[in-house]
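Now for the letters of each chain:
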Amino acid sequence: MDEIMKQSSSFFERLVVQLLLKMGYGGPFEGAGIVTRATGDGGIDGIIKEDKLGFSQIYIQAKRWDPSFTVNRPAIQTFSGALRDEGASKGLFITTAKFSKGAIESAKRQHIVLVDGETLTRLMIEYDLGVSISHTYAIKSLDTDFFSEDSL
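What you are looking at is a predicted structure, and each value in this text was computed from that prediction instead of being measured. (Residues numbered from 1 in each chain as written. Predicted model: local features only at pLDDT ≥ 70, side-chain atom pairs only at ≥ 80, totals over all residues. Heavy atoms only, no water.)

Chemist: Help me understand the side chain of T36, please; the structure alone is not making it clear to me.
Modeler: Among the secondary structure elements, T36 is positioned in the loop between β1 (33–35) and β2 (46–49). Among the polar contacts listed, one links the side chain of T36 to the backbone oxygen of I44, at a separation of 2.5 Å. (Helix = DSSP H or I, 4+ residues; strand = E, 2+ residues; numbered from the N terminus. Polar contact = N/O pair within 3.5 Å; in protein donor to acceptor, adjacent residues only side chain to side chain.)

Chemist: Can you help me understand the sheet that holds β1 in this one?
Modeler: Adjacent strands of a sheet pair through backbone hydrogen bonds, lying either parallel or antiparallel. Reading across the sheet, the five strands line up as β1-β2-β3-β5-β7 and stay open at both edges, with mixed pairing between neighbours. With one partner strand each, in any of the chains shown, β1 and β7 (112–115) form the two edges of the open sheet. Ignoring which end each strand starts from, the neighbouring axes of this sheet average 20° apart. Of the strands in this sheet, β3 (57–63), β5 (91–95) and β7 touch helix α3 (residues 73–86), which is tilted by about 145° from β5. Those strands touched by helix α5 (residues 117–126) are β5 and β7, and its axis lies near 80° from that of β7. (Pairing = 2+ DSSP bridges. Axes fitted to C-alpha atoms, helices over the stretch in contact; angles between N-to-C directions. Contact = heavy atoms within 4.5 Å.)

Chemist: What is the right way to look at α5 in this model?
Modeler: Residue pairs three or four apart in sequence face the same way in an α-helix, which turns once every 3.6 residues. Taken as a whole, α5 has its buried residues at G117, L120, L123 and M124. The buried residues of α5 occupy one face: seen down the axis, they fall within an arc of 125°. With respect to the buried face of α5, the exposed residues turned more than 90 degrees away are E118, I125 and E126. Along its buried surface, α5 packs onto α1 (2–5), α2 (9–22), β5 and β7. Where α5 terminates, the next one or two residues include D128, which has phi positive at roughly 55°. (Buried < 20%, exposed > 50% of the residue type's maximum accessible area, 1.4 Å probe, protein only. Arc of directions from axis to C-beta.)

Have a look at this one:
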């Protein structure tokens, strides 16, 4: 999280789209995941295809806010309005902060998926985004089938 917070907002928006691509959204098509322009984006920071065939789009709001900040209901309602303006039915609000109970309840009613900072960092580790494997260990156990009379 510390490294994310050192970066710009536009870097964060690109990070979010890259994470979703690594998670299997989008597909092999050009433009499967895009970051919208920095200004005048109508409250939409990115768009990604929901599946590899590109049938549906997910609209993204990506906010790199202080991890101690709590996102409240009005921010979700503003994003919901941006989704309506786009004629969108699916939205993802992803942030480095956390969400209030009111924000969570509002998002559920409006079919908006929320990802907070803790979940974001777990997903980055799980999908190897921004991290490298430094050590791999193999733990061996005895293969008792090998030592049976019939195996050789």
